[in-house]
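# Fold and contact review
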Amino acid sequence: MEAVIFFIAAIGAVGGAIGVVAARNPFYSVLALIAHLFSLAVLFLLLTSAFVAAAQVVVYAGAVMVLYVFVVAYVGSAQEAKWDPVPGQRLFAGLLAFFLFVEISAAVLSSGLRALSTHGPDVPAGFGDPAAIGNLLLEKFLVPFEASSVLLLIAAVGAIVLAGRKRQGEALGASK
Amino acid sequence: MNINWYIVLSALLFTIGATGILVRRSPMVILLCLELMLNAGNLALVAFSREVGNQQGQVFALVVMVIAACEVVVGLGLIVAIFRRKLPLDVDDLRRLHG
C-alpha cells in the first residue's frame, strides 16, 4: 500500500516538475508547480512528517502560489523566443542535467550509509507532529526561528521598496 | 519504501529544476524552477531525518521553506519593478551588467 501511494505521488511530483519546465505559458507553470507541491506533501506524510506536510500545503501551495498567480496576472504571459541565444543550449543543458542526476544518484547510493536501504528506524507515535516540531523550534532552535522571522520581515520590506510606486525622476531607465 | 527511493526522487527533481533554470529565459519561470530545486532539497532533508529517526531535519526543511518564501517575495518584487520600467522580461535581454 505504501509503495502504491509512493509511486503515485512520485509520478505526480515528477510530472508537475516537468510541467513547470515545459509549459510555454507561465500561468500553466504555476499550476503545474501547485500539483508538484501537493504531491510532495503526500511524500512528506509518507515520511511521517505531518507538520512539514501541512506547512507545505498551507504556506507554499496556499500563500506563495497565490503571490505567483497575482504577479503572472499582472505582468501577463509573454511568450518566450523560440531560438537559442547560445547554439545548442538545450542540448548542453540536457546533457548536464543527465550527468548531474547520474552523479548525485551514484554519490548517494554508493555512500556508506547502510540505513538508506531500510525504512528507517521505528519511530514513536508523535514523530514529526506539530507538538514535537514546536518544542524543537521553541527550545533547541529558538535563535534560528527568531532569525528567520526577522528575515521574513526584511524580505517583506524589501519587496515593498522594490515594487513600490515609482518615485519622481525615476521614470526612465528603459535600456532601449 | 526504502529511503533510497526518496533520495533518488529528490535528485531527479533537483536536476529537472536545474535544467529549467538553464533552458528557460523568463525570470518568472526561473524563480519557479528555483522553487523546484529548493523543494527537492527539502525532500532529501525530510528523508534523511526519517532515516536517522530524528526530527531536526524537519526543522531544517521548515527553515528552507522560510528562505524560499523570502526569495519568492524579493524575486517577484524585482520582476514587478522590471515590468514597470518597461524593460523586457527576458534574462537574455537584461544583460547590461554583462562584462
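Values in this document were obtained by computation on a predicted structure and should not be read as measured data.

Secondary structure summary: chain B contains three helices and zero strands in total. Starting at the N terminus and ending at the C terminus, chain B contains elements arranged as α-α-α. Expected size for 99 residues packed as a compact globule is a radius of gyration near 13 Å; at 17 Å, chain B overshoots this value by more than 25%. The C-alpha extent of chain B, read off along each of the three principal axes, is 50 × 25 × 25 Å. A buried classification covers 63% of the 99 residues belonging to chain B. A separation of at least 24 residues holds for 57% of the contacts in chain B among residues at least 6 apart in sequence. About 3,600 Å² of surface is accessible on chain B, with carbon and sulfur atoms providing 70% of the total. Once the 8 positive and 6 negative side-chain charges of chain B are each reduced to a mean point, those two points are 9 Å apart.

Looking only at helices and strands, chain A features six helices and zero strands. Across chain A, helices and strands are ordered from the amino to the carboxyl terminus as α-α-α-α-α-α. Restricting the contact set of chain A to residue pairs at least 6 apart, pairs at least 24 apart contribute 57%. Total accessible area computed for chain A in this model is approximately 10,400 Å², and 74% of it derives from carbon and sulfur atoms.

Taken together, the 72 residues of chain B in the interface contact 89 residues of chain A. Together chain B and chain A conceal approximately 7,600 Å² of surface at their shared face, both sides included; 73% is due to carbon and sulfur atoms. The largest share of the area that chain B buries against chain A comes from B:Met1, B:Arg25 and B:Arg50, three residues that together contribute 10% of it. Where chain B meets chain A, there are zero salt bridges.

Bringing unusual backbone geometry into the picture now. Notably, A:Thr48 is not glycine yet its phi reads approximately 50°, a positive angle. Among the secondary structure elements, A:Thr48 is positioned in the loop between helix 2 (26-46) and helix 3 (50-75).

Residue and element names in this part refer to chain B. Relative to the helices and strands, Glu71 resides in helix 3 (residues 56-84). Buried and unpaired, Glu71 has Arg24 as its nearest opposite-charge partner, separated by 15 Å. Setting aside residues up to four positions removed in sequence, Glu71 forms contacts with Leu31, Leu34, Glu35 and Leu38.

Where helix 3 of chain A meets helix 3 of chain B, the closest approach of the two axes is 11 Å, and the angle between their N-to-C directions is 5°. In terms of orientation, helix 3 of chain A and helix 3 of chain B fall into the roughly parallel class. Here the residues of the contact of helix 3 of chain A with helix 3 of chain B sort into 21 nonpolar, two polar and one charged.

Time to look at the nonpolar core. Membership of the largest hydrophobic core comes to 64 residues, with the highest contact counts inside it found for A:Leu43, A:Met65, A:Tyr68, B:Tyr6, B:Leu13 and B:Leu43. Where this core is concerned, the elements lending two or more residues are helix 1 (2-22), helix 2, helix 3, helix 4 (89-109) and helix 5 (130-140) of chain A together with helix 1 (3-23), helix 2 (27-52) and helix 3 of chain B. Among the elements that line this core, the one with the most residues is helix 3 of chain A, at eleven residues. Those residues in contact with A:Tyr68 that sit more than four places away from it in its chain are A:Val30, B:Met28, B:Leu31, B:Leu32, B:Glu35, B:Val72 and B:Leu76.

Right, let's get into the packing of aromatic side chains. Under the definition given, this model contains seven aromatic pairs over all chains. Both rings, one in A:Phe7 and one in B:Trp5, keep their centres 5.2 Å apart while their planes meet at 85°; by these two values the pair is edge-to-face. Here A:Phe7, found in helix 1, pairs with B:Trp5, found in helix 1, and the two come from separate chains. Through successive ring pairs, a cluster of aromatic residues spans A:Phe6, A:Phe7, B:Trp5 and B:Tyr6.

Here chain A averages 83 in pLDDT, while 85% of its residues score no lower than 70. Every residue in residues 172-176 of chain A is under pLDDT 50, and counting partners more than four places away or in other chains gives eight contacts.

This part takes up the environment of A:His36. Among the structural elements, A:His36 can be located in helix 2. Here A:His36 is in contact with A:Gly12, A:Ala13, A:Gly16, A:Ala17, B:Leu13, B:Leu36 and B:Asn39, once residues within four sequence places are set aside.

Right, let's talk about the confidence of the model for chain B for a bit. On average, chain B scores 87 in pLDDT, and the residues at 70 or more come to 97%. Across the whole predicted complex the pTM is 0.87, and at the interface the ipTM reaches 0.89.

The rules behind the values
Residues numbered from 1 in each chain as written. Chains lettered and ligands numbered in written order. Predicted model: local features only at pLDDT ≥ 70, side-chain atom pairs only at ≥ 80, totals over all residues. Heavy atoms only, no water. Helix = DSSP H or I, 4+ residues; strand = E, 2+ residues; numbered from the N terminus. Rg over C-alpha atoms; globule rule 2.2 N^0.38 Å. Buried < 20%, exposed > 50% of the residue type's maximum accessible area, 1.4 Å probe, protein only. Contact = heavy atoms within 4.5 Å. Areas by Shrake-Rupley, 256 points an atom, 1.4 Å probe, with all protein chains shown as cover. Lys, Arg positive; Asp, Glu negative; His and termini not counted. Charge placed at Lys NZ, Arg CZ, Asp CG, Glu CD. Buried area = accessible area lost by both parts, 1.4 Å probe. Salt bridge = Lys/Arg side-chain N within 4 Å of Asp/Glu carboxyl O. Axes fitted to C-alpha atoms, helices over the stretch in contact; angles between N-to-C directions. Parallel < 35°, antiparallel > 145°, perpendicular 65-115°, else oblique. Nonpolar A, V, L, I, M, F, W, Y, C, P; charged D, E, K, R; others polar. Core = buried A, V, L, I, M, F, W, Y, C linked by side-chain atoms within 4.5 Å. Phe/Tyr/Trp six-rings, centres within 6.5 Å; stacked < 30°, edge-to-face > 60°. pLDDT = per-residue confidence, 0-100.

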